[in-house]
Amino acid sequence: DQQVKQNSPSLSVQEGRISILNCDYTNSMFDYFLWYKKYPAEGPTFLISISSIKDKNEDGRFTVFLNKSAKHLSLHIVPSQPGDSAVYFCAASARETSGSRLTFGEGTQLTVNP
Amino acid sequence: KAGVTQTPRYLIKTRGQQVTLSCSPISGHRSVSWYQQTPGQGLQFLFEYFSETQRNKGNFPGRFSGRQFSNSRSEMNVSTLELGDSALYLCASSYQESHGTQYFGPGTRLTVL
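Here is what the cut-offs are and how they apply
Residues numbered from 1 in each chain as written. Chains lettered and ligands numbered in written order. Predicted model: local features only at pLDDT ≥ 70, side-chain atom pairs only at ≥ 80, totals over all residues. Heavy atoms only, no water. Contact = heavy atoms within 4.5 Å. Buried area = accessible area lost by both parts, 1.4 Å probe. Salt bridge = Lys/Arg side-chain N within 4 Å of Asp/Glu carboxyl O. Polar contact = N/O pair within 3.5 Å; in protein donor to acceptor, adjacent residues only side chain to side chain. Helix = DSSP H or I, 4+ residues; strand = E, 2+ residues; numbered from the N terminus. Nonpolar A, V, L, I, M, F, W, Y, C, P; charged D, E, K, R; others polar. Phe/Tyr/Trp six-rings, centres within 6.5 Å; stacked < 30°, edge-to-face > 60°. Buried < 20%, exposed > 50% of the residue type's maximum accessible area, 1.4 Å probe, protein only. Pairing = 2+ DSSP bridges. Axes fitted to C-alpha atoms, helices over the stretch in contact; angles between N-to-C directions. Core = buried A, V, L, I, M, F, W, Y, C linked by side-chain atoms within 4.5 Å.

### Some thoughts on the interface of chain A and chain B
Counting residues at the interface gives 21 residues for chain A, matched by 23 residues for chain B. Among the residues of chain A in contact with chain B, S100, R101 and F104 of chain A are the three that bury the most area, contributing 32% of the side total. On inspection of chain A and its partner chain B, the count reaches zero salt bridges. Applying the counting criterion to the chain A and chain B interface returns four residue pairs in polar contact (both at pLDDT 80 or more). Secondary structure elements with two or more residues in the side of chain A that touches chain B: strand 4 (32-38), strand 5 (45-51), strand 9 (86-93) and helix 1 (95-98) of chain A. The element that contributes the greatest number of residues to the side of chain A that touches chain B is strand 4 of chain A, accounting for four residues. The residue inventory of the side of chain A that touches chain B, partitioned by class, reads 10 nonpolar, six polar and five charged.

### Topic: the packing of aromatic side chains
Taken as a whole and assessed by the stated rule, the structure comprises 13 aromatic pairs over all chains. On the numbers, 5.3 Å between centres and 90° between planes, the contact of Y36 of chain A with F104 of chain B is edge-to-face. On the criterion of chain membership, the pair formed by Y36 of chain A in strand 4 and F104 of chain B in strand 10 (residues 103-104) is interchain, its members lying in two chains. Exposure class is identical for Y36 of chain A and F104 of chain B. Each is buried. Here F60 of chain B and F64 of chain B contribute two aromatic rings whose centre-to-centre distance is 5.2 Å and whose plane-to-plane angle is 65°, an arrangement assigned as edge-to-face. Across this residue pair, the class does not change: F60 of chain B and F64 of chain B are buried. Put simply, the rings of Y36, F46, F89 and F104 of chain A together with Y35, F45, Y103 and F104 of chain B touch in pairs and so form one group of aromatic residues.

### Considering the sheet that holds strand 8 (residues 74-78) of chain B
Residues and elements named next belong to chain B. Read from one edge of the open sheet, four strands run 1-3-8-7, paired in antiparallel fashion. Both outer strands of the open sheet, strand 1 (5-7) and strand 7 (64-68), are each paired with one neighbouring strand and no more. In this sheet, neighbouring strand axes are inclined to one another by 20° on average, regardless of whether the strands run parallel or antiparallel. Here five bridges tie strand 3 (residues 19-24) to strand 8, and the two strands are oriented antiparallel to one another. Bridge pairing in strand 8 places V19 opposite V78.

### Some details on the sheet that holds strand 3 (residues 19-25) of chain A
Residue and element names in this part refer to chain A. An order of 1-3-8-7-6 is seen for the five strands of this open sheet, with the pairing classed as antiparallel. Either end of the sheet is taken by a strand with one partner, and the two such strands are strand 1 (4-5) and strand 6 (56-59). Sheet topology note: the strand 7 (residues 62-67)/strand 8 (residues 72-77) ladder contains six bridges and is antiparallel. What sits directly across from T63, in strand 8, is H76.

### With respect to the nonpolar core
Counting residues in hydrophobic clusters, the biggest one holds 24 residues, and the most contacted among them are F33, W35, L73, L75 and Y88 of chain A. Of all the secondary-structure elements, those providing two or more residues to this core are strand 3, strand 4, strand 5, strand 7, strand 8, strand 9 and strand 11 (108-113) of chain A. If you tally residues by element for this core, the top one is strand 9 of chain A, at four residues. Setting aside anything within four residues of it in sequence, one finds L73 of chain A in contact with L21, N22, C23, Y25, F33, W35, V64, F65 and L66 of chain A. Formed by 21 residues, the second largest nonpolar core is a distinct cluster that contains V4, L11, I26 and V78 of chain B.

Below, the structure is given as structure tokens:
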């Protein structure tokens, strides 16, 4: 039962353009969502999060959008830089049912071409 | 502040052995969670500890266990290792009791031969 899904295994964009990574979830109890960036053989690095009481959160070049009715979130990176090339994971948690436990998507490999 | 540290970084064991991995959380963080990453299953939750108590457990067999000490440092143990236990084991710490952002360590790469 894949409760968090990232349907695009890979995404390739040109430097300076926008990268949009998508994530869908099925568990309506999820109320906190996070995006992590990961390089091979390293731990995930936290990028940005959003609570279900919001529909948008920005931090520099990163913006996360949440559409609760569609159970969909997306991460926008503008402008994209070659150093952004990594695997991006979305994750979700449900305070009432599972506390801090994070459920991860499968990841999307982002490649930003110079 | 120093980040989450994990030791050892790499480990090679043989089937049937047991292994103990260690995690030191960010100073002041009292919640420690463990995750397993494999190519086939992705990132999967093992268990979470807060104030020395296991609060949450994932769908892993009883061979996987953990504990947390009074200084919030945590260890996880895997007994009777199987080939399928080869994975990157990640520890994450959080300041808040629940719903806090989790910060990950670099992981321990376990290879079971």
